[in-house]
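Below, each chain spelled out in residue letters.
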Amino acid sequence: MTTTSTPIPAPRSSGGPTIVPTVSRNRRTTRGNTELYGWLFMRVSGVVLVALIFGHLFVNLVQGEGINAIDFGFVAGKWSSPFWQTWDLLMLWLAMIHGTNGVRTIINDYAERDGTRMVLKLALYTAFVVVVVLGTLVIFTFDPCPANSPADLLPSFCTA
Amino acid sequence: MTTQLDDSPGTSSTPDTKVGAIPSFDVTLKIRRYTPETHGDEAYWQEFTVTVHGTDRLLDALHKVKWDLDGSLTFRRSCAHGVCGSDAMRINGRNRLACKTLLKDLNPSKPITVEPIKGLPVIKDLVVDMEPFFASYREIMPFLITTGNEPTKERLQSAAERERFDDTTKCILCAACTSSCPVFWTDGQYFGPAAIVNAHRFIFDSRDEGGTQRLEILNDKEGVWRCRTTFNCTEACPRGIEVTKAIKEVKRAMITRAF
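Residues numbered from 1 in each chain as written. Chains lettered and ligands numbered in written order. Predicted model: local features only at pLDDT ≥ 70, side-chain atom pairs only at ≥ 80, totals over all residues. Heavy atoms only, no water.

### Here we look at the overall build of chain B
Alright, step 1. Scanning chain B for helices and strands turns up 10 helices and seven strands.
Alright, step 2. With the principal axes as the frame, chain B shows a C-alpha extent of 70 × 45 × 35 Å.
Alright, step 3. For chain B, with 259 residues in total, the buried portion stands at 53%.
Alright, step 4. In the form shown here, chain B has an accessible surface area of approximately 12,200 Å², with 51% of it arising from carbon and sulfur atoms.
Alright, step 5. Each charge class in chain B can be summarised by its mean position, and for the 35 positive and 35 negative side chains these summaries are 3 Å apart. (Helix = DSSP H or I, 4+ residues; strand = E, 2+ residues; numbered from the N terminus. Buried < 20%, exposed > 50% of the residue type's maximum accessible area, 1.4 Å probe, protein only. Areas by Shrake-Rupley, 256 points an atom, 1.4 Å probe, with all protein chains shown as cover. Lys, Arg positive; Asp, Glu negative; His and termini not counted. Charge placed at Lys NZ, Arg CZ, Asp CG, Glu CD.)

### Looking at the overall build of chain A
Alright, step 1. The number of helices and strands found in chain A is four helices and two strands.
Alright, step 2. If you list the helices and strands of chain A from N to C, you get β-β-α-α-α-α.
Alright, step 3. With 160 residues in all, chain A has 32% of them scored as buried.
Alright, step 4. At a minimum sequence separation of 6, the contacts of chain A that also span at least 24 residues come to 60%.
Alright, step 5. Counting every atom, chain A has about 10,600 Å² of accessible surface; 68% of that belongs to carbon and sulfur. (Contact = heavy atoms within 4.5 Å.)

### Considering the UniProt feature "transmembrane region" (unreviewed entry) in chain A
Residue and element names in this part refer to chain A.
Alright, step 1. Those residues carrying the UniProt feature "transmembrane region" (unreviewed entry) are residues 36-59, 89-107 and 119-142 in this numbering.
Alright, step 2. Taken end to end, residues 89-107 is 100% helix and 0% strand, and its first and last C-alpha atoms sit 27 Å apart.
Alright, step 3. What you have in residues 119-142 is 96% helix and 0% strand, and the ends, taken at the C-alpha atoms, are 34 Å apart. (UniProt positions renumbered as here; feature names shortened; annotations may be inferred.)

### Examining the interface of chain B and chain A
It is common to report an interface's size as the accessible area lost on association of the parts.
Alright, step 1. The interface is formed by 35 residues belonging to chain B together with 29 residues belonging to chain A.
Alright, step 2. Here chain B meets chain A over a buried area of about 3,000 Å², counting both sides, of which 57% is carbon and sulfur.
Alright, step 3. At the junction of chain B and chain A, the tally comes to three salt bridges.
Alright, step 4. Among the salt bridges present, the one from R117 of chain A reaches D187 of chain B, with a minimum N-O distance of 3.1 Å.
Alright, step 5. Our count for the chain B to chain A interface comes out at seven residue pairs in polar contact (both at pLDDT 80 or more). (Buried area = accessible area lost by both parts, 1.4 Å probe. Salt bridge = Lys/Arg side-chain N within 4 Å of Asp/Glu carboxyl O. Polar contact = N/O pair within 3.5 Å; in protein donor to acceptor, adjacent residues only side chain to side chain.)

### Focus on the domain arrangement of chain B
Residue and element names in this part refer to chain B.
Alright, step 1. In terms of domain boundaries, chain B breaks down into domain 1 (24-128) and domain 2 (131-144 + 164-256).
Alright, step 2. Taking the mean C-alpha position of each, domain 1 and domain 2 sit 27 Å from one another.
Alright, step 3. Across the boundary between the two partners, domain 1 contributes 16 residues, which contact 15 residues of domain 2.
Alright, step 4. Taken over both partners, the interface formed by domain 1 and domain 2 buries close to 1,200 Å², and the fraction arising from carbon and sulfur atoms is 58%. (Domains from an automatic or database assignment.)

### Overview of the packing of helix α1 (residues 34-62) of chain A against helix α10 (residues 243-258) of chain B
Alright, step 1. Close contact between α1 of chain A and α10 of chain B brings their axes to 11 Å; oriented N to C, the two are set at 100°. Considering the angle they form, α1 of chain A stands roughly perpendicular to α10 of chain B. Mapping the contact onto sequence places L36, W39 and L40 of chain A in α1 of chain A and K251, M254, I255 and A258 of chain B in α10 of chain B.
Alright, step 2. A class-by-class count of the residues in the contact of α1 of chain A with α10 of chain B yields six nonpolar, no polar and one charged. (Axes fitted to C-alpha atoms, helices over the stretch in contact; angles between N-to-C directions. Parallel < 35°, antiparallel > 145°, perpendicular 65-115°, else oblique. Nonpolar A, V, L, I, M, F, W, Y, C, P; charged D, E, K, R; others polar.)

### Remarks on the nonpolar core
Alright, step 1. Within the largest apolar cluster, 72 residues are counted, with the highest numbers of intra-cluster contacts made by L58 and L62 of chain B.
Alright, step 2. When residues in this core are grouped by element, the largest group, seven residues, is from α10 of chain B.
Alright, step 3. Dropping the residues within four chain positions of it, L62 of chain B is found in contact with L29, I31, L73, F75, M89, A98 and L126 of chain B.
Alright, step 4. The next biggest cluster of nonpolar side chains, apart from the first, holds seven residues, and it includes L49, L52, M91 and L94 of chain A. (Core = buried A, V, L, I, M, F, W, Y, C linked by side-chain atoms within 4.5 Å.)

### What to know about helix α2 (residues 72-79) of chain A
Residue and element names in this part refer to chain A.
Alright, step 1. Looking only at α2, the buried set comprises G73, A76, K78 and W79.
Alright, step 2. Buried residues along α2 sit against α1, α3 (82-110) and α4 (114-141).
Alright, step 3. With a side-chain oxygen lying 3.2 Å from the backbone nitrogen of G73, the N-terminal cap of α2 falls on D71.

### Overview of the pattern of salt bridges
Residues and elements named next belong to chain B.
Alright, step 1. Evaluated as defined, the whole model comprises 23 salt bridges over all chains.
Alright, step 2. The partner of E131 in a salt bridge is R138, with the nearest N and O atoms 2.5 Å apart.
Alright, step 3. According to the relative accessible area criterion, E131 is partly exposed, its value standing at 33%.
Alright, step 4. Between D166 and R162 there is a salt bridge; the shortest N-O distance is 2.9 Å.

### Description of the sheet that holds strand β5 (residues 112-115) of chain B
Residues and elements named next belong to chain B.
Alright, step 1. The five strands are arranged β2-β1-β5-β3-β4 in an open sheet whose pairing can be described as mixed. The two strands at the open ends of the sheet, each matched to only one other strand, are β2 (44-53) and β4 (94-97). Sheet twist, expressed as the mean angle between neighbouring strand axes with direction ignored, is 35°.
Alright, step 2. Pairing analysis gives three bridges linking strand β1 (residues 24-33) to β5, with the strands arranged parallel. From the neighbouring strand, K30 faces β5, where its bridge partner is T113. (Pairing = 2+ DSSP bridges.)

### Here we look at the packing of helix α8 (residues 211-218) of chain B against α10 of chain B
Residues and elements named next belong to chain B.
Alright, step 1. Contact geometry of α8 with α10 gives a least axis separation of 10 Å together with a crossing angle of 105°. When the axes of α8 and α10 are compared, the pair comes out roughly perpendicular. Here α8 contributes T212, L215, E216 and L218 to the contact with α10, which in turn contributes V250, A253, M254 and R257.
Alright, step 2. Looking at the contact of α8 with α10 residue by residue, the classes come out as five nonpolar, one polar and two charged.

### A few points about helix α3 (residues 58-69) of chain B
Residue and element names in this part refer to chain B.
Alright, step 1. The first and last C-alpha atoms of α3 sit 15 Å apart over 12 residues, in line with the 16 Å expected at 1.5 Å per residue.
Alright, step 2. Looking at α3, one finds that the buried residues are L58, L59, D60, A61, L62, H63 and V65.
Alright, step 3. Buried residues along α3 sit in contact with β1, β2, β3 (88-91) and β5. (Expected span 1.5 Å × (residues − 1).)

Here's what the structure looks like:
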């Protein structure tokens with residue numbers, strides 16, 4: 001059902017000023033399960049991310065020598081294993097979708113003008129695509145043993 | 001009955017108060033006014049000081065202002081006893097019914113701010129255009145939907161089935177909840193808590209068969225999923241309806257329907 005907003009004449013002021021409502025419901029129906037899935041995804045991905053991120057922090061910063069162990073060799077060693085590739089890929093995608101959806105919600109809640117809304121969302125989605133594409137590319141095309149590098153910087157399994 | 005009132009802060013009862021007399025005190029009302037026919041298109045604050053009794057409600061003070069000080073002050077009220085839902089307004093920053101708010105509970109030593117409810121177009125002073133609010137209400141089809149022949153006797157329901165939606169039957173459509181919702185303030189497109197509460201009243205009614213339709217209507221981009229559970233609506237409801245809980249129950253019904 002759509003409602004048209006007509007100016008409401010103020011009582012006892014024939015010919016006087018009329019007040020045009022500033023808010024009108026010009027909504028088209030936008031039914032569908034999209035927002036439902038979005039809402040559920042936020043809850044599920046949030047729980048999964050807690051496990052992924054704390055696991056990541058523990059392995060990188062606490063386990064073994066802790067933070068002192070982090071160098072090129074450490075990261076290269078991790079990313080040569082499909083397990084950590086999957087872990088980091090999952091973390092990247094979930095975090096990016098979760099965060100982007102969250103910011104999209106905030107834009108919907110706070111941007112009042114349609115123009116502002118569109119510009120902000122366009123910037124948001126551009127940033128999302130750039131980060132996700134670049135991140136995914138890095139995880140899959142990463143070379144743990146680049147040629148002509150000093151051997152003491154590389155992971156132990158590099159032989160060249 | 002009056003002994004406790006005498007001790008309450010803000011009352012200035014004289015020592016020779018007669019037994020049974022109600023103490024009186026002065027309050028200042030700081031009212032957000034919008035009178036385009038005399039004061040131009042800008043809203044402004046105006047203060048009135050009136051002498052009131054310890055048993056008076058904010059509505060009584062507004063009456064005193066309108067009847068004795070400034071007849072141009074405009075506000076809605078009908079039953080004046082918290083049933084009709086006409087006089088919802090923003091009192092000291094919170095949505096309340098003027099007829100259910102005792103002045104002695106509002107710290108009368110400071111000016112009491114009175115504004116129209118937010119998010120709806122102001123027509124004059126404290127009167128807002130309720131049409132967007134009722135448009136949402138109409139959209140969720142707030143009436144019994146059934147199929148088949150009408151039964152020859154009442155549609156029976158167990159006490160437990162009635163209890164399921166008892167809380168949401170209390171709504172008086174005062175708009176205190178919807179106009180306290182920050183999501184509604186942004187662009188007024190969100191259905192708002194009141195519409196969802198009234199949908200809840202039928203969705204969980206065992207006699208009603210339009211539940212699926214209503215869930216579909218509220219499964220909208222501007223429907224229940226815009227709720228951020230800030231609990232402003234629950235806090236504002238003068239009937240004590242657990243509004244946020246009702247919204248959550250509608251969400252849950254949608255999720256169980258989808259999977």
